[in-house]
Amino acid sequence: MALQAQGSKKHPVVENGVYRECVSYSDGELLQKVLDIVKKEKLYGKVDEYKKVVDFRQPEELSKILDLNMCRDGCRTRGEIDEVLERIVRHSVRTQHPHFFNQLYGGIDEVGLAGAWLLEALNTNQHTYEVGPALVVTEFRVVEQLVKLFGWTSGDGIFCSGGSLANMYSIVLARHHLDPDIKKKGLFGRKPLVILTSDQSHYSITKAAFWLGFGLDNVVSVVSDTNGVMTGEAVAEALEKVKKEGKQPFYVNATAGTTVFGAFDELEAIAEICAAEKLWMHVDACWGGATVLSSKHRHLLKGIERADSLAWNPHKMLCAPLPCSVFLVKNE
């Protein structure tokens, strides 16, 4: 599409000696149009049940409907552009719809959407204080509150792009905590380091083990019970087997809210074992972490305060925009 961000309604463009007019928007008009569509289609908050979750089309048909081919002619009228925007919305999944059950996240509310838009408009980053002073201070403050929320008296953390990365951070820290020299010398010439995790855990644990050089053979899948729970007893048995094989366990991943069952592992019992064996305990609370805010269900997280680290995705239950993931550690 040939869009002009400012100027008059029509803006002349010369191509091969021929004048033609491109669609033009004055300052803020396109943003206002998007806002109008969002409000009209109610893309935040509660959605009426009678509306479709998605106006579904097969890929070939949808490609023709959207007509997103690039060309020099672009769109000649505002109506054409408006229609393209509305088609994108019409054929997208409404994740906030009460009948949307496909994945472990939901839609956003007006507060979350407003915050996301403001951040996009600022067009900066928080990798250094120089370019994002207000954002850096805000992140520190929010992390400080979250650390207390999960029962730690001190701690640290960072927001990151998804639970998979947060889980991988935990393994990196656990490895460094075990032996800082690995940073320079690598994993060569030592016993294989073993990760223990439930057979119901998220695939990001095995993915991280592959990426970080541990090898999938050194990820022990601990058998869960009939409710999908990894028990302390099962962890203890798995540890004994690992030791007999001459390998070195160093990390246990417990899950608070598994992907299929929604199960919560026995955090208290697992914490006891990790403390006795001097193992790093991580809790993947990406889904179930929100129960920390519930007086009725918070007991499911009993023992999480004894973990060394945890991952949580506020976008799954708090209506925060995707992706909103936090990695927290007990120590500063």
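As the structure is a computational prediction, the values presented were derived from the model and not from experiment. (Residues numbered from 1 in each chain as written. Predicted model: local features only at pLDDT ≥ 70, side-chain atom pairs only at ≥ 80, totals over all residues. Heavy atoms only, no water.)

### Brief notes about the domain arrangement of the chain
So, step 1. Domain parsing of the chain yields domain 1 (29–102) and domain 2 (115–330).
So, step 2. Taking only C-alpha atoms into account, the centre of domain 1 sits 36 Å from that of domain 2. (Domains from an automatic or database assignment.)

### Section: the nonpolar core
So, step 1. If you look at the biggest cluster of nonpolar residues, it comprises 36 residues, and the most contacted ones within it are M281, V283 and L328.
So, step 2. Elements supplying a minimum of two residues to this core: helix 5 (133–149), strand 5 (193–198), helix 9 (232–244), strand 7 (248–255), helix 10 (267–277), strand 8 (280–284), strand 9 (309–312) and strand 10 (325–329).
So, step 3. Excluding anything up to four places from it in sequence, L328 contacts V143, L146, V147, F150, W152, D156, G157, D308, S309 and L310.
So, step 4. Ranked by size, the runner-up nonpolar core spans 15 residues in total, among them I182, I195, F214 and Y251. (Core = buried A, V, L, I, M, F, W, Y, C linked by side-chain atoms within 4.5 Å. Buried < 20%, exposed > 50% of the residue type's maximum accessible area, 1.4 Å probe, protein only. Helix = DSSP H or I, 4+ residues; strand = E, 2+ residues; numbered from the N terminus. Contact = heavy atoms within 4.5 Å.)

### Some words on the UniProt feature "modified residue: N6-(pyridoxal phosphate)lysine" (unreviewed entry) in the chain
So, step 1. Under the feature "modified residue: N6-(pyridoxal phosphate)lysine" (unreviewed entry), the UniProt entry names K316.
So, step 2. Along the chain, K316 falls in the loop between strand 9 and strand 10.
So, step 3. Not counting residues up to four positions away in its chain, the partners in contact with K316 are L104, Y105, G106, C286 and W287. (UniProt positions renumbered as here; feature names shortened; annotations may be inferred.)

### A short note on the packing of aromatic side chains
So, step 1. Evaluated as defined, the whole model comprises 4 aromatic pairs.
So, step 2. When the ring of F150 is compared with that of W312, the centres are 5.6 Å apart and the planes differ by 75°; the resulting orientation is edge-to-face. Of this pair, F150 sits in the loop between helix 5 and strand 4 (156–160) while W312 sits in strand 9; the two residues are 162 residues apart in sequence, bridging distant segments of the chain. Just as F150 is buried, W312 falls in that class too.
So, step 3. With a centroid separation of 6.0 Å and 40° between ring planes, the pair formed by F250 and Y251 is classed as tilted. Accessibility classification places F250 together with Y251 in one group, the buried group.
So, step 4. These aromatic residues form a ring-pair network of at least three members: F214, F250 and Y251. (Phe/Tyr/Trp six-rings, centres within 6.5 Å; stacked < 30°, edge-to-face > 60°.)

### A few points about the pairing of strand 8
So, step 1. A large share of strand 8 lies buried, amounting to 5 of its 5 residues.
So, step 2. Residues W280, H282 and D284 line one face of strand 8 and the alternating positions M281 and V283 line the opposite face, and both faces are buried.
So, step 3. The pairing of strand 7 with strand 8 spans 5 bridges and is parallel. Counterpart to V252 in the pairing with strand 8 is M281.
So, step 4. Note that the unit made of strand 7, helix 10 and strand 8 has a crossover that is right-handed.
So, step 5. Sheet topology places strand 8 next to strand 9; 3 bridges connect them, and they run parallel. Looking at the pairing, D284 lines up with A311 of strand 9. (Pairing = 2+ DSSP bridges. Right-handed = clockwise from strand over helix to strand, strands pointing away.)

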